[in-house]
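Letter by letter, the chains look like this.
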Amino acid sequence: MAKYEALKQAILTGDENIVVSEVNKALKEKTDPQDVLTNGLIAGMEIVGKRFRSGEMFLPEVLLSAEVMHKGIDILNPLLSKAGRKGVGTVVIGTVEGDIHDIGKKIVALLLEGSGYTVYDLGVDVKGGTFLEAIGKYKPDVLGMSALLTTTMPHMGEVINLLKEKKLRSKVKVIVGGASVNEEFARSIGADGYAVEAGTGVELVKKLLAKK
Ligand code: B1M
């Protein structure tokens, strides 16, 4: 069996016991924790992302896969912070002010984490000032905003205007998503990109950071 095949398969089926035992087995065999993360856990979650995008996996399965992947990350985390985790980028994400829909945004955050990004999820009903504070604190490469209501999507433009006012706009790429948002709206408020679903959100972040 190819390396990490059982681990990737357990992520796909959401089998926590096998994820935990496979991660521990790899560490016992003195495998580099970064390798277990990248080629085991993240690789498994990437397959989940692809299957979700193509409609082969559904929301509850994705959430379960993400949950069991996190059990693996919990084991690796102390070792990775010791070794100095090689991050691929940092993302601050949240659902905008007045909006409490968080399922889609959580999936985007989980798939980004699964792809190796450090993600600060600010939660829901996030005010413009809170986004700005987080950008000052975490210095992310990307700010991601989600909105599901037509009444709350204008807040995305307001946050971008705040970034411009504070001379922070050039420091961070901005992506938007959520059921009420579309490409045209994203362009009209000056966002760097729009993603129709979580998997394309990860691809968009990769593309934007490759250009940086
Ligand atoms: Co509400 N709701 N809801 N709701 N809700 C919608 C959005 C609505 C379309 C339903 C409808 O009327 N047909 C409608 C909005 C209408 C509009 O504005 N055009 C609506 C409404 C009106 C409301 C309330 C006002 C209802 C009321 O109280 N009268 C109220 C508002 C509360 C508030 O936010 N202030 C409300 C409340 C709720 C619940 C609390 C009951 C619950 C949310 C629970 C929660 O999130 N914890 C809820 C739900 C579940 C929905 C629907 C049914 C499903 C949303 C969802 O989770 N979808 C929704 C109807 C619908 O969308 N069909 C609806 C699954 C999720 C995986 O998809 O969030 O679209 P989604 O995320 C996708 C993509 O959009 C994308 O990737 C995700 C995965 O592929 N994506 C991003 C999302 N964010 C992204 C960010 C990115 C990139 C991609 O980059 C940063």
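Computed from a prediction, not measured in an experiment: that's the story for all the values here. Position numbers for residues count from 1 along each chain, tracking the sequence in the order it is written. pLDDT decides what is reported in this predicted model: residues at 70 or higher carry local features, side-chain atom pairs at 80 or more are listed and counted, and totals for whole chains, interfaces and linings draw on all residues regardless. No hydrogens and no water enter the side-chain calculation; it runs on all heavy atoms of the structure.

With that out of the way, let us pick up the overall build of the protein. On a plain count of helices and strands, the protein comes out with nine helices and five strands. Starting at the N terminus, helices and strands are each numbered in turn, a helix being any DSSP run of H or I of at least four residues and a strand any DSSP run of E of at least two. Moving toward the C terminus, one meets the helices and strands of the protein in the order α-α-α-α-β-α-β-α-β-α-β-α-β-α. The C-alpha radius of gyration computed for the protein amounts to 18 Å, which stays within 12% of the reference 17 Å derived for 212 residues, consistent with globular compactness. Reported as C-alpha extents along the three principal axes, the dimensions of the protein are approximately 55 × 35 × 30 Å. The cut-offs for exposure are 20% and 50% of the maximum accessible area for each residue type, with area from a 1.4 Å probe on protein chains only; residues under the lower value are buried, those over the upper are exposed, and the others partly exposed. In the protein, buried positions account for 48% of the 212 residues. In the protein, once contacts between residues fewer than 6 apart in sequence are set aside, the share between residues at least 24 apart is 71%. Here, Shrake-Rupley sampling with a 1.4 Å probe gives the accessible areas, and only protein chains in the shown set may cover a residue. Of the accessible surface of the protein, which amounts to about 10,500 Å², a share of 55% is contributed by carbon and sulfur atoms. Positive charge is attributed to Lys and Arg, negative charge to Asp and Glu, and no charge count is given to His or to the chain ends. One atom stands in for each charge, and that atom is NZ of Lys, CZ of Arg, CG of Asp or CD of Glu. Taking the average place of the 28 positive charges on the side chains of the protein and the average place of its 27 negative ones, the gap between the two points comes to 7 Å. We compute the radius of gyration from the C-alpha atoms alone; for a globule the expected value is 2.2 Å times N to the 0.38, where N is the number of residues. Two residues form a contact once any of their heavy atoms are found within 4.5 Å.

What follows deals with the layout of surface pockets. We place a 1 Å grid over just the protein atoms. Points where a 1.4 Å probe fits but has no way out form a cavity, open points with protein on both sides within 12 Å along at least 5 of 7 lines form a pocket, and any residue with an atom within 4 Å of a point lines it. Grid points are joined across faces, edges and corners, and a volume is the space filled by probe spheres set on the points. Of the volumes computed, that of the largest pocket is approximately 370 Å³. As for the largest pocket, its lining consists of 20 residues, and the residues nearest its centre are Gly104, Val108, Gly177, Gly178 and Glu197. Every element with two or more residues in the lining of the largest pocket is listed here: helix H5 (103–114), strand S3 (142–146), strand S4 (173–177) and helix H9 (198–211). Considering each element in turn, the lining of the largest pocket owes the most residues, four residues, to H5. By the convention adopted, Pro, Cys, Tyr, Trp, Phe, Met, Ile, Leu, Val and Ala count as nonpolar, Lys, Arg, Asp and Glu as charged, and the other residues, Gly among them, as polar. Residues belonging to the lining of the largest pocket are distributed by class as follows: twelve nonpolar, six polar and two charged. Contributing to the lining of the second largest pocket are twelve residues, with Lys3, Tyr4, Glu22, Lys25 and Glu29 lying nearest its centre.

Moving on, we come to the pairing of S3. Most of S3 sits out of view: five of its five residues are buried. Neither face of S3 is exposed, since Val142, Gly144 and Ser146 on one face and Leu143 and Met145 on the opposite face are all buried. Any two strands with at least two DSSP-identified bridges between them are counted as paired. Note that strand S1 (residues 90–95) and S3 share five bridges and pair parallel. The residue bridging Val92 from the neighbouring strand is Leu143, located in S3. In the sheet, S3 pairs with S4 via five bridges, with the strands oriented parallel. Looking across to S4, one finds that Leu143 is bridged to Val174. With strands facing away from the observer, any crossover in which the path from the first strand over the helix to the second runs clockwise is taken as right-handed. You can see the chain leave S3, run along helix H7 (residues 154–165) and come back into S4, and the turn it takes is right-handed.

This next bit is on the coordination of the cobalt atom of the ligand. No other protein atom reaches the cobalt atom of the ligand as a donor apart from His101 (NE2), found 2.2 Å away. Here His101 shows up in the loop between S1 and H5. Donors, by definition, are the N, O and S atoms found within 2.8 Å of a metal, the threshold being 3.2 Å for Na, K and Ca, and water is not counted, so a site can look incomplete.

Definition of nearness: a residue and a molecule or strand are near each other if at least one heavy atom of the residue lies within 4 Å of the molecule or strand. The ligand sits among 25 residues. The nearest are Ile100, His101, Asp102, Ser146 and Thr150. Pairing of N or O atoms within 3.5 Å defines a polar contact, subject to two protein rules: one partner must be a possible hydrogen donor and the other a possible acceptor, and residues neighboring in sequence count only if both atoms are side-chain atoms. At 2.8 Å, a side-chain N or O of Ser146 approaches a nitrogen atom of the ligand. Between an oxygen atom of the ligand and a main-chain N or O atom of Thr150, the distance comes to 2.9 Å. Elements represented by at least two residues in the shell around the ligand include exactly H5, S3 and S4. Broken down by element, the shell around the ligand gets its largest block of residues, four residues, from H5. Across the shell around the ligand, the residue classes tally to 14 nonpolar, eight polar and three charged.

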